[in-house]
Amino acid sequence: MAEYFAFNIAENVLSKLTKIAYQEISLGWDVRRDLKNLHKTLTTIKAVLLDAELKQVDDNHLRVWLQELKDVCYDSEDVLDEFEIQALRKQLLKQRSIGKKVSYFFSSSNPLAFRFKMAHKIKQLNQRFHEIAALKNNFHLVERHVGPRYDRRSERETHSFVQKSEVIGRDEEKRRIVKMLTQDDPADEEDIPVRPIFGIGGMEKTALAKLVFNDEAVDAHFELKLWVCVSDDFDLKRLVVKAIKAGKGGDGDLGSMYLEQLQKVLRDCLNAKKYLLVLDDVWNEDNRKWMELKQLFAGGAVGSKIVVTTRSNQVAKISGTISPHHLEALPYDKSLSLFLKFAFKKGEEKQHPNLEEIGEIVMKCKGVPLVLKTFGSLLFSKTSEQEWKVFKDSETWELMEKENQTFSILKLTYDQLSPQLKQCFAYCSLYPKDTDFISFGLIQFWMAHGLLESSHKNENPEDIGKRYLNDLLSRSFCQDYDLAFFFDAFKIHDLLHDIALSVAKNECCIVNTFEQNIAPGIRYVCLTNSDSSEENASKFLGKLGHLRTLRLPNLRNGPTSESFIETCLKRFQHLRMLDLSGSTLEVLPRWIGNLKHLRFLDISNCPNIKKLPNSICKLQNLQTLFLDGCDQIEEFPKDMRYMISLRFLLLATKQRDLHGHGLQHLKSLRVLAIYGCENLEYLFDGIQKLTSLHTLWIVDCKKLVSLPHGLKYVAALQSLVIGVCEKLDLSTAQELKEKEDYNEDYLVDTGFSLQSLYIADLPKLKALPQWLLRGSANTLKNLTITGCENLTTLAEWHILTSLEKLEIKCCPKLSTLPKTMKRLKQLKIEDCTLVSQRCQQEIGEGWPKVAHASRIVLDGNTITAPELLINPTP
C-alpha cells in the first residue's frame, strides 16, 4: 500500500537541512560537513523511496527497513528542530527592551555547550543513515518520480461543486419514506415504529435520510426531530447524551451523569412530544442492546418514529418493525448522469463525444453513488482519450472484481493523490468516525506536523492548507460540506475514513482500551475511553515511543488527574500536538513549558481551569492555542508576549478586560478569536501592533462596550466578525476620534481594507460607521449583516466597487443598500421588509442597483430571471 509517509518525512528533513545550512553559519566546520553528508545520504535514499513504498506490501524485510528509516527521519526532525528553537530564543534575547527579563525567563543554555551537544547528535544521525543506506541495494529499488498532480479546481469551481445535489435518482424513494413517516398508524401504540434504510457502503443512505429529515412535510408532522450518529460504538450512555444534545435539552455536565440520570433528562427533553429519531450508521447486532435503547426513548407521544440507516442486513432485521427500505444500485442512465456531473464542468461533456470509455467506466462503478462521484471527480478535466483509457484498462479493476469493489475503487482515488495530500488525508484517521471537522482546526493540525511546506517563500501555510482542503473536496473526499462565514465544516464518509485508517495504521491509532495492541512505530495517538485505572494507563503509555500527537479529548473519568497528565508530558517531550479539550482538568501542569517542540495546544471547553501557568509562555514554537470554552479563566499569563510563533489564538475569559498580558506584542498572530466572554468590557490597547493579524472574531461578548481605537490601523486585517454583543456601539470611540482630526483622506490612509465583514445581533447598531467601511470601499467582497433590529442604513454614500456577496437578515428597519455595487454576484435578503420591497424585480426602486447579480434571493424566493444572466443590467 503506497502511503508515501517515509518519502514525505525524508522531504521534510531535507528541507530543514537546507534551511540550517544557510542560517547556522556559526556552526563549526565539522558540524557543517556532517550536515552536508547527511543531506547527501538522505537525498540518495529518497530517490528510491517511492519504489520502496510501492513494493513493501509483498516484502516484509523492506517494510522493516522503511520503518527504521522513518524512525531515524523522525529523530532527525527532532534534532533539527532544536536549531530552530535556539534561533527563536536568540531572537528574543536580542530585543533590548526586555533582554534581561527574557534571559532570566528562559535561562538560555551556553552556546558552546549547545553546539557541542548538536554536533554529537548529528554524528549519531549520520551513522544511522549510513547503516540504512548500506542496506538499500539489497532490495533492488529503482528511482521513481512523483506523478503530475491533477488540475485543481478553482475555489469558485469547488464551491459550485459543493452545491451539486448530493442525492441523484432517489426522489421517488424519498417521497415513499416521507409518506410512511407522516402517516399515523394507530395499530400499535405501544411500540415505536422503526424503518431501517439498508444498503451497501456508498449508497448514500445518510444523504437520503437527511433529505427526509429536512423535508417540509416531516417538519410539519413532528414536534421534535433528533439526529444521532451511532457508528461502531453502540454505547447507550453516549447515544442518550447525543440525543439530548440534538434535542437541545439538559443542563450541566451530561458526560458525568449515570445512565439513570440521563434517562430522566431525556424524558424531560422528549416531553411527550411526537418525535422523529434518526439513528445513522448503526452496526449493533445485539438485540438486547437495541431493546434497551428503545425503552429509553419511550417518553414520546403516539406517532413518534425511528429511522435507522445501516449497512448490515442483520441490523435491519432486528431493529425494524417496518420492512427495511433497501437502497439498490442506480440504473445506468442515472449513474451516467451523476458521473458526468462530477467528471466535467457543466456542458463540457458535449465537447468530447469521442470519449467512449465513459460508458465502460460507469458500468464498472456498479451504480454505487459514492464511487461514481469520487471516480468522476478523479477524472475531472481529463479530456484526452489516453488518460481515460489508462483508468479503463487499469489492473486495479481486475482486483476489484475479487475484493470489496467499493473500497478498492476509493483506494484507487486515494492512490492518485499527491504524496503530501495523501499524508494529510491519512492523518484524519486520528479523529473518530462521524467527526465534525472544522476547516481551520484541521489546517492548524496539518501545520503543526510540518505538512504544509511550500516552494514559494511568501506563501502562508494557512493558504496551502485551504488549497489542500480544496483538493480533497473536489475529489469527493469530504461530505456534508457547509460553507459558513465563520468557518467551513465537513465530515468524511465512513468508507473513506476506513481508507485513512488502513493506510495510516502504522502511524496513527485511536485507542479505545489500554489492553489494545498497537503497531510499534505509532507516533500519533487518540485516547477515546478513559474508564480505566491510572496504573493500566501508565503501563500502556510505557509501550509507546516518541509520540508526535497525543489527543485526550473529553476524558472525564479515569486517568485525568494532573499527575497523570504531567506523566504524559514528561514522557512525550517531542509532542507537536496536545489535545486536552473537554476534560475536567482543574490545573494545567507547569511541565507544559518544557514541551519545546509543541506547536498546537488545545485545552478548549475545560470549564474548571481558572488560571494557566506562566510556563506556557516558554513555548516559542507554539503556533495554535485553543482556549475557547474556558470561560472561568480569571487571568492569563503575564508573559504571553514571548510566544513569538503564535499564529492562531482562540480564547475565552472571565476578566473584564485583556490589558496587561502582552497580547499586542504577538507579531506573528494571524487569527484572534474572542468568544463567549460574559464579563469582557474592553479588549486591549495597541491592537494596531498586530501587523500580521488577518482575521478577528469577537462573538458572544455581551458586555463589550467598544472596540479599541487602533483597530482601524490594522492594515493586514481582511476578515472581521462581530456578533452577539448587546452593549457594543461600533461608532462610540471610533467616530469621536474621527471628528477630531477628520479630513477626506484620513480613513483611507489608515490602510484598513477588509475583504469580509460579518455583523450579527448588535442591537445598538443604527448605521454602519464610516471608519468601518470607507477604507474598505475598494476591497470588501463579502458583507453579511443579521439580527440588527435597529439598523436603518448602510450609508448610501458608499461605493463598494468590489462587493460580490451581500446577505442581510432580520434587519426590519433597514431601508437602503450601498449606492453602487457593480460587481455584485449574490444577494440574499430575508426578513427585511423595507429592503425586500425596494429590490422587487423590475418594480422596486432599488432594483437597478442589484439586477446584474447572477443570484438574487428575497425571503426564500429566487427571482433572478435567466435572461438577466445573458443581458445583465448595466
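Because the structure is predicted, anything quoted here is derived from the model rather than measured.

Cut-offs applied
Residues numbered from 1 in each chain as written. Predicted model: local features only at pLDDT ≥ 70, side-chain atom pairs only at ≥ 80, totals over all residues. Heavy atoms only, no water. Helix = DSSP H or I, 4+ residues; strand = E, 2+ residues; numbered from the N terminus. Buried < 20%, exposed > 50% of the residue type's maximum accessible area, 1.4 Å probe, protein only. Contact = heavy atoms within 4.5 Å. Areas by Shrake-Rupley, 256 points an atom, 1.4 Å probe, with all protein chains shown as cover. Pairing = 2+ DSSP bridges. Core = buried A, V, L, I, M, F, W, Y, C linked by side-chain atoms within 4.5 Å. Salt bridge = Lys/Arg side-chain N within 4 Å of Asp/Glu carboxyl O. Polar contact = N/O pair within 3.5 Å; in protein donor to acceptor, adjacent residues only side chain to side chain. Patch = residues over 30% accessible without salt bridge, like charges linked within 9 Å, V, L, I, M, F, W, Y side chains within 5 Å. Lys, Arg positive; Asp, Glu negative; His and termini not counted. Charge placed at Lys NZ, Arg CZ, Asp CG, Glu CD. Phe/Tyr/Trp six-rings, centres within 6.5 Å; stacked < 30°, edge-to-face > 60°. Lys NZ or Arg CZ within 6 Å of the ring centre and 35° of its normal. pLDDT = per-residue confidence, 0-100. Arc of directions from axis to C-beta. Axes fitted to C-alpha atoms, helices over the stretch in contact; angles between N-to-C directions. Parallel < 35°, antiparallel > 145°, perpendicular 65-115°, else oblique. Left-handed = near helix turned anticlockwise from the far one by under 90°. Nonpolar A, V, L, I, M, F, W, Y, C, P; charged D, E, K, R; others polar.

All right, on to the overall build of the chain then. Of regular secondary structure, the chain possesses 32 helices and 24 strands. Counting only residues that meet the buried cut, the chain has 54% of its 874 residues in that class. Taking the intrachain contacts of the chain between residues at least 6 apart in sequence as the baseline, contacts between residues at least 24 apart amount to 66%. Entry remark: accessible area of the chain is about 38,800 Å², with carbon and sulfur atoms responsible for 48%.

Once that is clear, we can look at unusual backbone geometry. Positive phi, close to 65 degrees, is recorded for Asp-281, a residue that is not glycine. Structurally, the position occupied by Asp-281 is in strand E3 (residues 275–282). The phi torsion at Asp-434 lies on the positive side, around 70 degrees, for a residue other than glycine. By the secondary structure assignment, Asp-434 is in the loop between helix H21 (419–426) and strand E6 (437–438). Relative accessible area serves as the criterion here: at 17%, Asp-434 is assigned to the buried category.

What follows deals with the pairing of strand E17 (residues 695–699). In terms of residue burial, E17 counts as a mostly covered element, since five of its five residues are buried. Judged by which residues are buried, E17 turns out to be covered on both faces: Thr-695, Trp-697 and Val-699 on one side and Leu-696 and Ile-698 on the other are all buried. Here E17 runs beside strand E18 (residues 719–723); their pairing, made up of five bridges, is parallel. By the bridge assignment for E18, Leu-696 is matched with Leu-720.

Counting residues in each nonpolar core, the largest one holds 109 residues, and the members touching the most others are Leu-578, Ile-592, Leu-649 and Leu-772. Among the elements that take part in this core, helix H26 (residues 562–571) stands out by supplying four residues, more than any other.

Let us now look at the pattern of salt bridges. Taken as a whole and assessed by the stated rule, the structure comprises 34 salt bridges. With a closest N to O distance of 3.4 Å, Glu-84 and Lys-16 form a salt bridge. With Glu-84 in helix H4 (residues 60–93) and Lys-16 in helix H1 (residues 5–23), this pair connects stretches of sequence that are 68 residues apart. On the basis of relative accessible area, Lys-16 is assigned to the buried category, the value being 12%. Here Asp-579 and Arg-551 are joined by a salt bridge, their closest N and O atoms 3.1 Å apart. Pair noted here: Asp-579 is in strand E12 (residues 577–579) and Arg-551 is in strand E11 (residues 549–551), with a separation of 28 residues, a long-range link. In this structure Asp-579 comes out as buried when scored by relative accessible area, which is 3%. The buried category is assigned to Arg-551, whose relative accessible area is 6%.

To continue, consider the environment of Thr-182. Here Thr-182 is to be found in the loop between helix H8 (171–181) and strand E1 (194–198). Relative accessible area serves as the criterion here: at 24%, Thr-182 is assigned to the partly exposed category. In the structure, Thr-182 is positioned 37 residues away from Asp-219 in sequence and 9.6 Å away in space, judged by C-alpha atoms. Reaching out from Thr-182, the side chain makes a polar contact with the backbone oxygen of Val-178 at a distance of 2.8 Å. At 3.4 Å, the side chain of Thr-182 and the backbone oxygen of Lys-179 are in polar contact.

The five strands are arranged E2-E3-E4-E1-E5 in an open sheet whose pairing can be described as parallel. What marks the edges here is a single partner per strand, and that holds for strand E2 (224–231) and strand E5 (325–326).

Moving on, we get to helix H11 (residues 236–246). Within H11 the residues assigned to the buried category are Leu-236, Leu-239, Val-240, Val-241, Ala-243 and Ile-244. Buried residues along H11 sit in contact with E2, helix H12 (259–270) and helix H13 (287–296). At the exit of H11 stands Lys-248, carrying a positive phi of roughly 55 degrees.

To continue, consider a positive patch on the surface. The grouping of Lys-703, Lys-727, Lys-764, Lys-766 and Lys-813 at the surface amounts to a positive patch. In this fold, Lys-813 is placed in the loop between strand E21 (805–809) and strand E22 (826–830). For Lys-813, a relative accessible area of 44% corresponds to the partly exposed category.

With that settled, the discussion passes to the packing of aromatic side chains. The geometry of an aromatic ring pair is captured by the separation of the ring centres together with the interplanar angle, meaning the angle of the planes. Inspection of every chain in the model, using the stated rule, returns 19 aromatic pairs. Plain terms: the ring middles of Tyr-431 and Phe-445 are 5.6 Å apart, the flat faces sit at 80 degrees to each other, and that makes the pair edge-to-face. On the criterion of sequence distance, the pair formed by Tyr-431 in the loop between H21 and E6 and Phe-445 in helix H22 (residues 439–448) is long-range, its members being 14 residues apart. Of the two residues, Tyr-431 and Phe-445, neither departs from the other in class, the shared state being buried. Every member of this aromatic cluster is reached through a ring pair, and the members are Phe-440, Phe-600, Phe-626, Phe-648 and Trp-697. Positioned over the ring face of Phe-213 is Lys-225, at 4.4 Å from the centre of the ring.

Turning to its location among the elements, Arg-548 is positioned in the loop between helix H25 (534–542) and E11. For Arg-548, a relative accessible area of 3% corresponds to the buried category. At 3.1 Å, the side chain of Arg-548 forms a polar contact with the backbone oxygen of Tyr-74. Not counting the four nearest positions on each side in its chain, Arg-548 is found in contact with Tyr-74, Glu-77, Asp-78, His-449, Arg-523, Tyr-524, His-574, Leu-575, Arg-576 and Met-577.

Before going further, it helps to examine the confidence of the model for the chain. Looking at the chain as a whole, the pLDDT averages 82, with 83% of positions reaching at least 70. The least confident element of the chain is helix H32 (residues 866–870), whose mean pLDDT is 41; the most confident is strand E13 (residues 600–602), at 97. In this model residues 733–748 is a low-confidence stretch, pLDDT under 50, and it forms 27 contacts with partners more than four residues away in sequence or in other chains. In this model residues 865–874 is a low-confidence stretch, pLDDT under 50, and it forms eleven contacts with partners more than four residues away in sequence or in other chains.

Here Leu-625 lies in strand E14 (residues 624–627). If we ignore the near neighbours within four places in the chain, the residues touching Leu-625 are Leu-601, Ile-616, Met-643, Leu-646, Phe-648, Leu-649 and Leu-650.

On to H13, then. All buried positions along H13 are accounted for by Trp-290, Leu-293, Lys-294 and Leu-296. Projected onto a plane normal to the axis of H13, the buried residues spread over an arc of 155 degrees and lie on a single side. Buried positions along H13 lie against E1, H11, H12, E3, strand E4 (305–310) and helix H14 (313–319). Two to three positions downstream of the cap, the backbone nitrogen of Arg-288 sits 2.9 Å from a side-chain oxygen, assigning the N-cap of H13 to Asp-286.

With that settled, consider the pairing of strand E19 (residues 756–760). Here E19 lies mainly inside the structure; five of its five residues are buried. Alternating residues of E19 divide into Ser-756, Tyr-758 and Ala-760 and Leu-757 and Ile-759, and every residue in both groups is buried. Sheet analysis places E18 next to E19, joined by five bridges and oriented parallel. For Ile-722, the partnering residue across the bridge sits in E19 and is Ile-759.

With their axes 9 Å apart at the nearest point, H22 and helix H23 (residues 461–474) run at an angle of 115 degrees to one another. Taken together, the axis directions place H22 and H23 in an arrangement best described as roughly perpendicular. When the axes of H22 and H23 are compared, the crossing they make is right-handed. Between H22 and H23, the contacting residues are Ser-439, Leu-442, Ile-443, Gln-444, Trp-446 and Met-447 on the first element and Pro-461, Glu-462, Gly-465, Lys-466, Tyr-468, Leu-469 and Leu-472 on the second. Among the residues forming the contact of H22 with H23, the class breakdown is eight nonpolar, three polar and two charged.

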